[in-house]
Amino acid sequence: MSESLTASHLDALRTIFRALSSTSVSWVVTGSMGFALRGFPLRAHDIDLQTDAAGAYEIERVFAASVIRPVAFSEAARIRSHFGALRIGEIDVEIMGDVQHRRDDGTWASPADLHRHQRLVKFAGMQVPVLSLEYEYQAYLKMGRRTRAEMIKEWMQWRTDS
């Protein structure tokens, strides 16, 4: 197991993977967990799941007993999405559906085509869907998180599975 992940992370990930594998929801792991699954030297604190709007509400339904924040449309200065949260074991799980980033001109970009940016990472006997490193890099730039974006860029320079 990666030093960035605890047994609690792995248990929560397995629970998510098993439950969502039997649905038609298109989903990916993103953020620190997605990086940790690839060996990125970053400690995962929670699990971030990205999907479309319908998928966010379906994930909420599948994990109804674990919901700590119901999925609802929410907007901040640079990002908007159908956000919600679960607690699986000891791990918080953020749900984001149809994520949109605000462009410099104030308009909203269309939600990403997750199929186009999805990569599969083999981890602990699972083929876990994650976002491509290039997409993650661009997303962090759009959110104004340049330090994280630069870390991803450096990581990409010597990885072949971006």
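Just above, that's the structure.
In this text, all values refer to a predicted model and were calculated from it rather than measured experimentally.

**Q** Just checking my understanding: could you explain the overall build of the protein for this structure?
**A** Of regular secondary structure, the protein possesses six helices and seven strands. Helices and strands in the protein line up, N terminus first, as α-β-α-β-α-β-β-β-α-β-β-α-α. Relative to a compact globule of 162 residues, whose C-alpha radius of gyration would be 15 Å, the protein shows 15 Å and is just as compact. Along the longest, intermediate and shortest principal axes, the C-alpha atoms of the protein span 40 × 35 × 25 Å. The burial tally for the protein puts 52% of its 162 residues in the buried class. Restricting the contact set of the protein to residue pairs at least 6 apart, pairs at least 24 apart contribute 54%. With the model as given, the accessible surface of the protein reaches about 8200 Å², and the carbon-plus-sulfur share is 48%. Of the side chains in the protein, 20 bear a positive and 20 a negative charge, and the two mean positions are spaced by 3 Å.

**Q** What am I meant to see in helix H6 (residues 146–156) here?
**A** Each α-helix turn comprises 3.6 residues. Residues three or four places apart therefore point the same way. All buried positions along H6 are accounted for by Arg148, Ala149, Ile152, Trp155 and Met156. Seen from one end, H6 has its buried residues packed into an arc of 120 degrees, which puts them on one side. Across H6 from its buried face, at more than 90 degrees, point the exposed residues Arg146, Thr147 and Glu154. For H6, the secondary structure elements touched by its buried residues are helix H2 (31–37) and helix H5 (133–142).

**Q** Which parts of the structure should I look at to understand the layout of surface pockets?
**A** Over the atoms, a rolled probe matching the size of one water molecule traces out where space is still vacant. Approximately 280 Å³ is the volume found for the largest pocket. Lining the largest pocket are 18 residues, with Thr30, Gly31, Asp48, Tyr140 and Met143 positioned closest to its centre. Of the residues belonging to the lining of the largest pocket, the class tally is eight nonpolar, five polar and five charged.

**Q** Can you help me understand the packing of H5 against H6 in this one?
**A** Two numbers describe a pair of packed helices, the interaxial angle and the distance between the axes. Interaxial distance between H5 and H6 falls to 8 Å at its minimum, and their mutual angle equals 160 degrees. The orientation of H5 with respect to H6, classified from their angle, is roughly antiparallel. Judged by the twist between their axes, the crossing of H5 over H6 is left-handed. For the pair H5 and H6, the contacting residues are Leu133, Glu134, Glu136, Tyr137, Tyr140 and Leu141 in the first and Arg146, Arg148, Ala149, Glu150, Ile152, Lys153, Trp155 and Met156 in the second. A per-class count over the contact of H5 with H6 returns eight nonpolar, no polar and six charged.

**Q** Hey, could you run me through the pairing of strand E2 (residues 47–51) in this one?
**A** Taken residue by residue, a regular strand's side chains alternate between the two faces of the sheet. Counting buried residues in E2 gives five out of five residues, a clear majority hidden from the surface. The side-chain alternation of E2 yields two buried faces, one formed by Ile47, Leu49 and Thr51 and the other by Asp48 and Gln50. Summarising the sheet, strand E1 (residues 27–30) and E2 pair through four bridges and their orientation is antiparallel. Along E2, the bridge assignment pairs Val28 with Gln50. In terms of strand pairing, E2 meets strand E5 (residues 91–101) through five bridges, oriented parallel. Residue pairing for E5: Thr51 is matched across the bridge by Gly97.

**Q** Just checking my understanding: could you explain the pattern of salt bridges for this structure?
**A** A pair can form between side chains of opposite charge whenever their charged atoms are brought close. Taken as a whole and assessed by the stated rule, the structure comprises five salt bridges. Across the pair Glu58 and Arg61 runs a salt bridge whose closest N-O atoms are separated by 2.6 Å. Of this pair, Glu58 and Arg61 both sit in helix H3 (residues 53–62), three residues apart, which is roughly one turn of the helix. A relative accessible area of 24% places Glu58 in the partly exposed class. Of the residues examined, Arg61 reaches a relative accessible area of 54% and is grouped as exposed.

The rules we used
- Residues numbered from 1 in each chain as written.
- Predicted model: local features only at pLDDT ≥ 70, side-chain atom pairs only at ≥ 80, totals over all residues.
- Heavy atoms only, no water.
- Helix = DSSP H or I, 4+ residues; strand = E, 2+ residues; numbered from the N terminus.
- Rg over C-alpha atoms; globule rule 2.2 N^0.38 Å.
- Buried < 20%, exposed > 50% of the residue type's maximum accessible area, 1.4 Å probe, protein only.
- Contact = heavy atoms within 4.5 Å.
- Areas by Shrake-Rupley, 256 points an atom, 1.4 Å probe, with all protein chains shown as cover.
- Lys, Arg positive; Asp, Glu negative; His and termini not counted.
- Charge placed at Lys NZ, Arg CZ, Asp CG, Glu CD.
- Arc of directions from axis to C-beta.
- 1 Å grid on protein atoms, 1.4 Å probe; cavity = no way out; pocket = protein on both sides within 12 Å on 5 of 7 lines; lining within 4 Å.
- Points joined across faces, edges and corners; volume = space filled by probe spheres on them.
- Nonpolar A, V, L, I, M, F, W, Y, C, P; charged D, E, K, R; others polar.
- Axes fitted to C-alpha atoms, helices over the stretch in contact; angles between N-to-C directions.
- Parallel < 35°, antiparallel > 145°, perpendicular 65-115°, else oblique.
- Left-handed = near helix turned anticlockwise from the far one by under 90°.
- Pairing = 2+ DSSP bridges.
- Salt bridge = Lys/Arg side-chain N within 4 Å of Asp/Glu carboxyl O.

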